[in-house]
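Residue-level structure breakdown
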Protein chains: 2
Amino acid sequence: MKFTSPRGMRDFYPHEKAWHNHLLDTWRRVSVRNGFEHVDGPIFESLDLYKVKSGEGIVSELFSFRRQGGKTDYAIRPEFTPTLARMVAQRANSLPTPIKWFSIPNLCRAEKPQRGRLREHWQWNVDIMGLQGAGADAEVMFTAIDFFRELNLGPEHLRVKISHRQTARHILSRLGVVDDDMLAAFDLLDKRDKIPREAFVQEAAKLGLDEDRVHRLEQTTRMKYRCGELDQMRQQLGMDEDLRDLAALDEQLHAFGIAPWCEYDLGIVRGLAYYTGTVFEIHEISGAERAVAGGGRYDKLIELFGGPSIPAVGFGMGDVVISLVLDDKNLLRDDVAPRPDAFVFALTDAGAKALPGYVAMLRRADVHTRFSYRTTRNVGRLLKEADAVGARYAVLLDDDVAEGTVQLKDLSVGGQEPVAIKAVADLIRKRESAQG
Amino acid sequence: MKFTSPRGMRDFYPHEKAWHNHLLDTWRRVSVRNGFEHVDGPIFESLDLYKVKSGEGIVSELFSFRRQGGKTDYAIRPEFTPTLARMVAQRANSLPTPIKWFSIPNLCRAEKPQRGRLREHWQWNVDIMGLQGAGADAEVMFTAIDFFRELNLGPEHLRVKISHRQTARHILSRLGVVDDDMLAAFDLLDKRDKIPREAFVQEAAKLGLDEDRVHRLEQTTRMKYRCGELDQMRQQLGMDEDLRDLAALDEQLHAFGIAPWCEYDLGIVRGLAYYTGTVFEIHEISGAERAVAGGGRYDKLIELFGGPSIPAVGFGMGDVVISLVLDDKNLLRDDVAPRPDAFVFALTDAGAKALPGYVAMLRRADVHTRFSYRTTRNVGRLLKEADAVGARYAVLLDDDVAEGTVQLKDLSVGGQEPVAIKAVADLIRKRESAQG
């Protein structure tokens, strides 16, 4: 009988889990220093919750179920936003604003697994609720970038591609798309690069766009402008009023010092119906992978879940694509597994008798301590074992344990010295913190 | 439209999540310092995987489902052991032994929620595989206790109740229970305190135990012996050979310094069929709650999942009962939410203009930084806001930012001093580490 993990799901052996922890820990640390508070919700919710924002269409993409004899349909969470909206709606009156929350849920999608898209993945969600204006938009973008810098990624690797629903709406409207077709047009633009051109033209025709207009739409939405180039955009697109929000954002991107990471790209629309203002996606610069992150302003969403009207902006970032990008750039760190501080072994019977109590004392003092489970007393072999697990110090127990002394060996420089038993934990911690 | 979280599932708002993180982080830190490596697996597995160890009976306790158009039945993980066994079996040839793994999965049970038992909970799993003998048994128990001490729990709060399958088997066998009925007898003993006495007597009769024998069984399994009292147990029970394993364990419990936490309790059997040697449960000392943790030796389990024969010992501890115990003893810490290092606000236009870039710089330097989103420039109100979020320092930006200076105010002692912009992050970190 042989079992494997389900298709599109991952096993995290120690090596993979060490990297995953590093990623998740960095998300959390960056979130906290940017003033966000950690929240989480249930691994599954009522199926109905997921229909609120995405309609019946979402159901086929979900792992849904009903308890034997139960009456409610549930689904494993495919995203966190409905839970977030529900939690805010439930306590809208008592939560101090602005609400700055982050979460790092695992999510499941009942899709065919493919590169960058697995059936189970982890997603970093960062949201500011209760604040209008470009400052909050820029702050969530800054938070994403603050994370990238921690992984040694720079503006030479990634680009924050920014657009605005009103600007896109204005362009589409000038080409003749009526208001009722606007969401369909956003959806079409969003999937443009994922479908054949003929299909795109065909779909566009249904929205009243002939070949000439499709061509103009393509031209417009392929243009990119760096931060500070909005005047150029204004002239080339013949816009004015509709760039007011982007102009305010442009100023904030400069103020937060992230302008070099950003560009305006009117081809970015985000398919989801609920965005109301700024939208953005973060891409590897060559465009080789799926989006690393996506987000925007969604001022009407909390209402949709029964809450009051609260403006909101946020983004989601998955663990899979960012890992592919880092791997591709040789930035996937291989040195993030916890290293033992001390590796203890006995050289005599008296040492062996003292070993468990000694190990217990070190661990109790928060020293990461391992010991040899082998019966050998061969120093060479035991030191090799200590090296193999990456220990910083070896602690040798011999008959001197009776006098309260052990031999402490620094495995990086090789020196060895007798140290009082009670002093070892402090000594190791002091030296480690001196090394930084 | 109002939604709530599903029955028996929890929302973690910032306050609850801060405590939960503290618990999960402490599990992880204690695991690492005890030499365990972190692993994880998928949130759901094939339904068949869960039947291997628990039979068809488990199915009604699972949230199981099938993808639309799919062929495989899946179930949300109700426990981690089958995943662990599968992962070890898959790589048994390449994993260095002993394998010391821990995991902190969320698990789901399709049961009626009750005190101490929710539909979704987190469980700390600690396992040593590839080692026989009492040393490994004692080491996993030490690891559990090492965690309790971190939460300021002592032997006056909790008791590790230890038994051994062979000892229990010997006692039952002497009372006339035949080998074929042994597992049924273990199950019956395990649920003794959860069913009415008449039901217990009735069930016992089916196993060949008349009133007199049931009485003797009850007497025996109600006796408790502290560490070091095995001689007493040997005499009272008339045993010898069958206490050999417990005697070896007794020695190790003393060696690891955890004897004061432990007692032998032959009423502990653990219902699960797969335990082969030592079994233990950790209980709040008055017996008021469900078991805080349970585990034991399961030397045959990896084989059952298609792997080689590997001896193993481990335990599981849920997040719900330990939280109830801590709450009951007023040890549930309320001060574990991350505190901001700096709260920044502007007192002039020049300060306001410099604020986003200044906040960005501090956060980039790993200083937990918040700022006021309000437009007021009233120092009193702004300091009140800084206090309300628990910030350690206030950073005041006025026209001196042009000269590269800000006012730094220590909110615990109240002093205020001009500091060079670039020095603030270092200064705050240095003072924090001096205090911490």
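For the structure itself, consult the block above.
None of the values given here were measured: they were computed from a predicted structure. (Residues numbered from 1 in each chain as written. Chains lettered and ligands numbered in written order. Predicted model: local features only at pLDDT ≥ 70, side-chain atom pairs only at ≥ 80, totals over all residues. Heavy atoms only, no water.)

1. Observations concerning the relation of the copies chain B and chain A
Screw-axis analysis of chain B against chain A gives a translation of 0.0 Å along the axis, an RMSD of 0.1 Å, and a rotation angle of 180 degrees. The superposition of one copy onto the other is thereby described by a two-fold rotation axis. Relative to the rotation axis, the closest C-alpha in chain B is found at F65 of chain B, a distance of 2.7 Å. (Least-squares fit on C-alpha atoms with pLDDT ≥ 70 in both.)

2. Points about the sheet that holds strand β18 (residues 416-420) of chain A
Residues and elements named next belong to chain A. Spatially, 5 strands are ordered β15-β14-β16-β17-β18 in an open sheet, and the strand pairing comes out mixed. The strands lining the two open edges of the sheet, one partner per strand, are β15 (369-371) and β18. For this sheet the average axis-to-axis angle between neighbouring strands, irrespective of direction, equals 30 degrees. For strand β14 (residues 342-346) and strand β16 (residues 393-397), the ladder comprises 5 bridges, and the chain directions are parallel. Across the sheet, residue V344 finds its bridge partner in β16, namely V395. (Pairing = 2+ DSSP bridges. Helix = DSSP H or I, 4+ residues; strand = E, 2+ residues; numbered from the N terminus. Axes fitted to C-alpha atoms, helices over the stretch in contact; angles between N-to-C directions.)

3. Notes on the interface of chain B and chain A
Across the boundary between the two partners, chain B contributes 84 residues, which contact 84 residues of chain A. Carbon and sulfur atoms make up 58% of the surface buried where chain B meets chain A, a total of about 7,600 Å² over both sides. For the interface between chain B and chain A, the tally reads 14 salt bridges. Between R86 of chain B and D11 of chain A there is a salt bridge; the shortest N-O distance is 2.8 Å. Among the elements that make up the side of chain B that touches chain A, the one with the highest residue count is helix α1 (residues 14-33) of chain B (9 residues). Partitioned by chemical class, the residues of the side of chain B that touches chain A number 39 nonpolar, 18 polar and 27 charged. (Contact = heavy atoms within 4.5 Å. Buried area = accessible area lost by both parts, 1.4 Å probe. Salt bridge = Lys/Arg side-chain N within 4 Å of Asp/Glu carboxyl O. Nonpolar A, V, L, I, M, F, W, Y, C, P; charged D, E, K, R; others polar.)

4. Remarks on the pattern of salt bridges
Side chains carrying opposite charge are able to pair once their charged atoms draw close together. Applying the stated criterion to the full structure yields 83 salt bridges over all chains. The shortest N-O distance in the salt bridge between D193 of chain A and R222 of chain A comes to 3.6 Å. Taken together, the residues D193 of chain A in the loop between α6 (182-190) and α7 (197-206) and R222 of chain A in helix α8 (residues 211-222) connect sequence positions 29 residues apart. Owing to a relative accessible area of 43%, R222 of chain A belongs among the partly exposed residues under this scheme. Two residues, E139 of chain B and K100 of chain B, come together in a salt bridge whose shortest N-O distance is 2.7 Å. Residue E139 of chain B is found in helix α4 (residues 134-150), and its partner K100 of chain B is found in strand β5 (residues 99-103); the two are separated by 39 residues along the sequence. Its relative accessible area of 7% is what places K100 of chain B among the buried residues. Each of the salt bridges in this network shares a partner with another, and the network as a whole consists of R29, R33, D146 and E150 of chain A together with R364 and D366 of chain B. (Buried < 20%, exposed > 50% of the residue type's maximum accessible area, 1.4 Å probe, protein only.)

5. A word on the pairing of β14 of chain A
All names here are of chain A. Counted residue by residue, β14 has 5 buried out of 5 residues, so it is predominantly covered. Judged by which residues are buried, β14 turns out to be covered on both faces: A342, V344 and A346 on one side and F343 and F345 on the other are all buried. By the bridge criterion, 3 bridges tie β14 to β15 in an arrangement that is parallel. Bridging across to β15, F343 finds its partner in R370. Taken together, β14, helix α13 (residues 349-364) and β15 form a β-α-β motif whose crossover is right-handed. (Right-handed = clockwise from strand over helix to strand, strands pointing away.)

6. A few points about the pairing of strand β13 (residues 312-318) of chain A
Residues and elements named next belong to chain A. β13 sits mainly inside the fold: 7 of its 7 residues count as buried. Alternating positions in β13 separate into two faces, A312, G314, G316 and G318 on one and V313, F315 and M317 on the other, with burial throughout. Bridge analysis of strand β12 (residues 293-297) against β13 gives 5 bridges, and the strand direction is antiparallel. Its bridge partner being in β13, G296 is matched across the sheet by G314.

7. Examining helix α2 (residues 47-54) of chain B
All names here are of chain B. Taken together, the buried positions of α2 are occupied by L47, L49, Y50, V52 and K53. Here the buried face of α2 lies against β2 (44-46), β3 (64-66), β4 (73-76), α3 (81-90) and α11 (301-304). Immediately beyond the C-terminal end of α2, within one or two residues, lies G55, with a positive phi of roughly 75 degrees.

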